[in-house]
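Close look at the chain arrangement
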Amino acid sequence: MQFVDLANRFQSQVRVDTCSGEPVQADGKSVMQMIMLVAIEGTKLRITAEGGDAQAAVDTLAGLVESWLGDD
Amino acid sequence: MEIKKGIGVSPGVVISTAIVLDAEDLAIPRRHIEPQQVDQEIKRFQDALDKSLVELNDLRAAVTVKYSKEIGGIFDFHIGILKDPSLFEPVVSAIRNQKVTAEYAVSVVLRRFASNFQAMSDRYLADRVKDIYDIERRILHNVIGLKQESLGQLTYDAVVIARDLLPSQTAALDRTHIKGFATDVGGRTSHTAIVARALGIPAVVGLGNLTAEVSSGDTIIIDGNRGVVIINPDDDQLVEHREYERKREAIEIELKELQNLPAVTKDGHVISLQANIEFPEEVNDAVARGAAGIGLYRTEFLYMASASEPTEEDHYRAHADALKRLDGRPLVIRTLDLGADKYTQAKQVVPERNPFLGDRSIRMCLHNIPMFKRQLRAIMRATVLGDVRIMFPMISTLMELRQAKMILNDVVEELEDEGLPFRRDIPVGMMIEVPSAALMANQFAREVNFFSIGTNDLVQYTLAVDRTNEKVAGLFCPAHPAVLTLLRDVIRAGHRNSISVSVCGEMAGEPLYTLLLLGLGLTIFSMNSPDIGEVKKIIRSTTLEHARQVARRVMSFDSERQVLHFLREETRKIIPEVF
């Protein structure tokens, strides 16, 4: 939920996939699609963004995900 | 007039008017629209979404104030879905391209969400289906222009009849006018039961098809003590229950006066009466009702309230909150008892065939060591804030206990290495709720600082009865001589090894069993706080010597019928007004 909230602050389109080779991509601004991605602990994620603030979006979101890893 | 038998999950009796919550799905026909109506339909959908969002934001704010941030967080998920482009875009495109009504488009898209969730292997996510239905109802009500039947603004007293109460319904209801719950489904640990106990109103669940038999406006008696609901009672029953209600009020007043008096027998034996709680907020009420501490703090709410597993900080904050409210009184924290009937079988991939005999409670913790350690770290860190005790649930073999203690030791070493403050000498105990543990109480007693007997599970496992199954619930009886023998032996084993023994199951809060437990040598009773007054009254009205005689007599019986009959007679002599 935090991820989606954050993603929605950027204008760029945010896509997330699980690096599994499957062509499943989720819209980073959609709770539903992110849930369907079923990223359990230990899953590798790839975050891509397209648009004016793409770099900032990717950096911020990757930072958030990394901060979760720090919790364990 | 009709009498229905269910499971009483929150005590008390109430006579009131029924409000039946519409549980059946709104039937949405596939209706086509003219091309020129498309924009209007999209606007209807947009307006309904906006309105739903406003409602949910209000609800979240209200609930956060009334209960806690964790519970308010339930609605973050709802709000997230409402804002989701995966909802908005398909609905708009269905209206535009298939020329269907807004309500039909909403219904189709959300049903697809629901079936996606249902297909998930993760139990937690699969359980979110209920939230999706909740969201669907809300949007549809707004699209169709129906105000969702608002339990927040009642002008008269009522009882709520529903198939199962949805989280948003219970959270929003008006506490001053709602006097009871009765639902078709549910068990002891269902959402309905927890909310009812927290509010101190009677509730009966597992009533089958009650919603089909009651109409809003019917007069209903909900008897949470006996697990009975009477629909449109006749005059005799009304008189009987009014009388009962009136007596209850008189008793309540008398019990209030007892609140600040100690729980001590006439011959001077002091008994400790403690409370069972789910949420830290309940501490205040427990203390106000005279609890000497918290004998059972269930920590599952942390897992129930948020979408992801709680962090060490989440645990720590909750414990710190409870300890602050307790102001030096003891807090027995039970480690995670998830599994079986509890809220969610978190992280479970394959549904278990027999969850009550499956990977639940301590077993699940020992299979998820990182999660278990997070809990233990938070508990140990909280030890410097008050009188903390740790209790492991569902222990069935010595190996399990030793493993759990070993992990606790690891955590202690970690904290030490990190230089974090904690108290090393806190009491570590276990619950006795499996017959194997009860039978081996002597061996266990050498390895723990205290026992707490969970009678609900002990009865269920000893008698092989699932009391949420209405067909066999009648066989569930703590007075069964087999159960009583185990109880007696566990209490004895504790005394022989000089460790304290408490009962934290429902039996501890039932006045019917107070004399017996007292006579068996029990010195710590932990119960839902509304029960403390009555139990205290019995303790203050008798002597330990008399209670021992009662217990000796009870142990000579060979059927639960005799036991119940005798205990009822004996208890009536002390507090005739209750029976």
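1. Topic: the overall build of chain B
Along its length, chain B carries 25 helices and 16 strands. Relative to its full complement of 579 residues, chain B shows a buried share of 56%. Across chain B, the fraction of contacts at a sequence separation of at least 24, relative to all contacts at a separation of at least 6, is 67%. Of the roughly 24,300 Å² of accessible surface on chain B, a fraction of 51% belongs to carbon and sulfur atoms.

2. So, the sheet that holds strand 8 (residues 228-231) of chain B
Residue and element names in this part refer to chain B. Pairing is mixed in the open sheet, where eight strands are placed in the order 1-8-7-3-4-5-6-2. Looking along the sheet, the strands with just one partner apiece sit at the ends: strand 1 (2-5) and strand 2 (7-10). Neighbouring strand axes in the sheet, compared pairwise and without regard to direction, differ in orientation by 30 degrees on average. On top of the sheet, helix 11 (residues 235-258) reaches strand 1, strand 3 (13-20), strand 7 (219-223) and strand 8; it is set at about 115 degrees to strand 3, its chief contact.

3. Brief notes about the sheet that holds strand 13 (residues 428-432) of chain B
All names here are of chain B. Taken together, the eight strands give a closed barrel; going around it, the order is 9-10-11-12-13-14-15-16, and neighbouring strands pair in parallel fashion. If you compare each strand with its neighbour and ignore which way they point, the axes differ by 25 degrees on average. By the bridge criterion, four bridges tie strand 9 (residues 272-277) to strand 16 (residues 524-527) in an arrangement that is parallel. Note on strand 16: the bridge partner recorded for Leu273 is Phe525. In this fold helix 14 (residues 312-326) packs onto strand 10 (294-297), strand 11 (331-334) and strand 12 (388-392), with an angle of close to 160 degrees to the strand it touches most, strand 11.

4. Side note on the packing of aromatic side chains
Residue and element names in this part refer to chain B. For the coordinates displayed, the defined rule picks out three aromatic pairs over all chains. Aromatic side chains Phe45 and Phe88 sit 5.8 Å apart centroid to centroid with 25 degrees between the ring planes, which places their arrangement in the stacked category. Residue Phe45 is found in helix 1 (residues 38-66), and its partner Phe88 is found in helix 4 (residues 85-98); the two are separated by 43 residues along the sequence. Overall, Phe45 belongs to the buried group, its relative accessible area being 0%. Ring centres of Phe557 and Phe566 lie 5.6 Å apart, and the angle between their planes is 70 degrees; on these two criteria the pair is classed as edge-to-face. We note that Phe557, like Phe566, is buried. The ring centre of Tyr316 lies 4.2 Å from the NZ or CZ of Arg381, which sits over that ring. One cation-aromatic arrangement involves Arg553 over Phe566; the distance from NZ or CZ to the ring centre is 5.1 Å.

5. Section: the side chain of Ser10(B)
All names here are of chain B. Relative to the helices and strands, Ser10 is located in strand 2. Classification of Ser10 by relative accessible area gives buried; the value is 2%. Those residues in contact with Ser10 that sit more than four places away from it in its chain are Ala196, Arg197, Ile201, Pro202, Ala203 and Gly224.

6. Regarding the nonpolar core
Residue and element names in this part refer to chain B. One finds Ile139, Phe181, Phe392, Phe451, Tyr513 and Phe525 to be the most contacted residues of the largest nonpolar core, which totals 180 residues. Sequence-distant contacts of Ile139, defined by excluding residues within four places in its chain, comprise Ala48, Leu49, Ser52, Leu82, Leu87, Val106 and Leu110. Residues Val14, Ile161, Leu210 and Val214 belong to the second largest nonpolar core, which totals 14 residues.

7. Focus on the pairing of strand 9 of chain B
Residue and element names in this part refer to chain B. Of all the six residues making up strand 9, five are buried; the element is thus mostly covered by neighbouring parts of the structure. Relative to strand 10, strand 9 runs parallel, the two sharing three bridges. Residue Ile277 lies in a different strand from strand 10, and its bridge partner there is Tyr297. In this fold, the crossover linking strand 9 to strand 10 by way of helix 12 (residues 282-288) has right-handed handedness.

Thresholds applied
Residues numbered from 1 in each chain as written. Chains lettered and ligands numbered in written order. Predicted model: local features only at pLDDT ≥ 70, side-chain atom pairs only at ≥ 80, totals over all residues. Heavy atoms only, no water. Helix = DSSP H or I, 4+ residues; strand = E, 2+ residues; numbered from the N terminus. Buried < 20%, exposed > 50% of the residue type's maximum accessible area, 1.4 Å probe, protein only. Contact = heavy atoms within 4.5 Å. Areas by Shrake-Rupley, 256 points an atom, 1.4 Å probe, with all protein chains shown as cover. Pairing = 2+ DSSP bridges. Axes fitted to C-alpha atoms, helices over the stretch in contact; angles between N-to-C directions. Phe/Tyr/Trp six-rings, centres within 6.5 Å; stacked < 30°, edge-to-face > 60°. Lys NZ or Arg CZ within 6 Å of the ring centre and 35° of its normal. Core = buried A, V, L, I, M, F, W, Y, C linked by side-chain atoms within 4.5 Å. Right-handed = clockwise from strand over helix to strand, strands pointing away.

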